[in-house]
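Coordinate inspection notes
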Amino acid sequence: MAANRKLLAAAAACAAAVIGVTGCSSDGGGDKDPFEGMSADKIAKKASKASKNAGSFSMKSEVKADGAQTTGTFSVAEGGDCTATIDSSKMGHSELLHVGKAQYVKADEKFWKASAGATIAGRVKGRWVKTPGARGGGSACNLDNMFESKKLKGLKREKDAEVNGTKAAVLVKKKGKETTTFYVAMEGKPYFLRVTNDGDDKGTATFSDFGKPVDVKAPAADEVVDQKELAGL
């Protein structure tokens, strides 16, 4: 369904346009540089593996592209279930639940009118639309997609910084007009703390709560409209 595809596109813009990171985790402490003697590419690889192996995490993102601003909050559970809230200046407000093999979308009138038309907007007002879920590349919350990217090669380490009070190694990738900056925790496990992108599209993704439980539940049956019911509208 067109609406679902557009929601996933928005989710991808928030969750993966800014970052996508591939794959040793170690604990660091004190003033010692835990990455001493390591290349920037190797630091990124450690961060990728540690972040992916955490199994669960939360993320806040902001992307400016094609004249629109999109913000999102994501919580991904171990196993791939997730919940997301997305606000777009162009598409409106939408929510996503990915539970098992099913995906649920709930959105405001602006979103449904823009993506599916006024008839469907009226039919699904205040309700969740259930669509077939897709593990692997089809899920907006897929960890393999989230932490995998060709951007992790050809990096250069620059001056360390802090992200929300945590010291971070700063890794920069420049290609043409685009600059992508990865911030990797130097305290505790080497998780990605933040990724920024500056170019034609600008975005920031900030990560937190690695390894903490995330509870994602499907909505009540009386709050759900199956996509099949909307066919032909």
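Where an unreviewed UniProt entry is consulted, the protein chain appears under the name Lipoprotein, with the organism given as Streptomyces spectabilis.

Brief notes about the overall build of the protein chain
For the protein chain, the count of helices and strands is 5 helices and 12 strands. A total of 233 residues make up the protein chain; the buried ones form 45% of that total. Of the roughly 11,600 Å² of accessible surface on the protein chain, a fraction of 47% belongs to carbon and sulfur atoms.

Some points on the nonpolar core
Soluble, globular proteins show a tendency: their nonpolar side chains are buried together. In terms of nonpolar packing, the biggest core is built from 40 residues, with Trp112, Leu171, Phe192 and Phe207 touching the most fellow members. Ranked by size, the runner-up nonpolar core spans 8 residues in total, among them Ala77, Val99, Ala102 and Tyr104.

A few points about the packing of aromatic side chains
Within this structure, the stated rule accounts for 6 aromatic pairs. Their ring planes at 25° and their centres at 6.3 Å tell us that Phe207 and Phe210 sit as a pair that is stacked. Note on accessibility: Phe207 and Phe210 belong to one class, buried. Members of the aromatic cluster, joined through ring pairs, are Phe57, Tyr191, Phe207 and Phe210.

Some words on the sheet that holds strand S6 (residues 128-132)
The 12 strands are arranged S7-S8-S9-S10-S11-S1-S2-S3-S4-S5-S6-S12 in an open sheet whose pairing can be described as mixed. Each having just a single partner strand, strand S7 (156-163) and strand S12 (224-226) make up the two edges of the open sheet. Each strand axis lies, on average, 20° off the axis of its neighbour in the sheet, ignoring direction. Set on the sheet, helix H2 (residues 40-53) makes contact with S7, strand S8 (166-175), strand S9 (178-185) and strand S10 (192-198); between it and S10 the angle comes to about 120°. Contacting strand S3 (82-88), strand S4 (92-99), strand S5 (102-107) and S6, helix H3 (residues 109-116) runs over the sheet at an angle of about 115° to S5.

Here's the deal with H3
All of the buried residues in H3 are Phe111, Trp112 and Ser115. End-on view of H3: buried residues confined to an arc of 90°, all on one side of the axis. Taken from the residues just after H3, Gly117 is the one with a positive phi, measuring 100°.

So, the pairing of strand S1 (residues 57-65)
Taken together, the 9 bridges between S1 and strand S2 (residues 68-76) define a ladder with antiparallel strand orientation. Across the sheet, residue Val63 finds its bridge partner in S2, namely Thr70. Where S1 folds back onto S2 in an antiparallel hairpin, the turn is made up of 2 residues, including Asp66, whose phi is positive at roughly 55°. Pairing of S1 with strand S11 (residues 202-208) involves 7 bridges; the strand directions are antiparallel. Considered in S11, the bridge of Met59 is made with Phe207.

As for the side chain of Asp81
Within the secondary structure layout, Asp81 lies in the loop between S2 and S3. Polar side-chain contacts of Asp81 include one of 2.9 Å to the backbone nitrogen of Gly100.

Digging into a negative patch on the surface
A grouping of Asp66, Glu178, Asp200 and Asp201 is seen on the molecular surface, where their side chains present a negatively charged patch. Within the secondary structure, Asp201 is located in the loop between S10 and S11. Given a relative accessible area of 38%, Asp201 falls into the partly exposed group.

What counts, and at which threshold
Residues numbered from 1 in each chain as written. Predicted model: local features only at pLDDT ≥ 70, side-chain atom pairs only at ≥ 80, totals over all residues. Heavy atoms only, no water. Helix = DSSP H or I, 4+ residues; strand = E, 2+ residues; numbered from the N terminus. Buried < 20%, exposed > 50% of the residue type's maximum accessible area, 1.4 Å probe, protein only. Areas by Shrake-Rupley, 256 points an atom, 1.4 Å probe, with all protein chains shown as cover. Core = buried A, V, L, I, M, F, W, Y, C linked by side-chain atoms within 4.5 Å. Phe/Tyr/Trp six-rings, centres within 6.5 Å; stacked < 30°, edge-to-face > 60°. Pairing = 2+ DSSP bridges. Axes fitted to C-alpha atoms, helices over the stretch in contact; angles between N-to-C directions. Contact = heavy atoms within 4.5 Å. Arc of directions from axis to C-beta. Polar contact = N/O pair within 3.5 Å; in protein donor to acceptor, adjacent residues only side chain to side chain. Patch = residues over 30% accessible without salt bridge, like charges linked within 9 Å, V, L, I, M, F, W, Y side chains within 5 Å. Salt bridge = Lys/Arg side-chain N within 4 Å of Asp/Glu carboxyl O. Lys, Arg positive; Asp, Glu negative; His and termini not counted. Charge placed at Lys NZ, Arg CZ, Asp CG, Glu CD.

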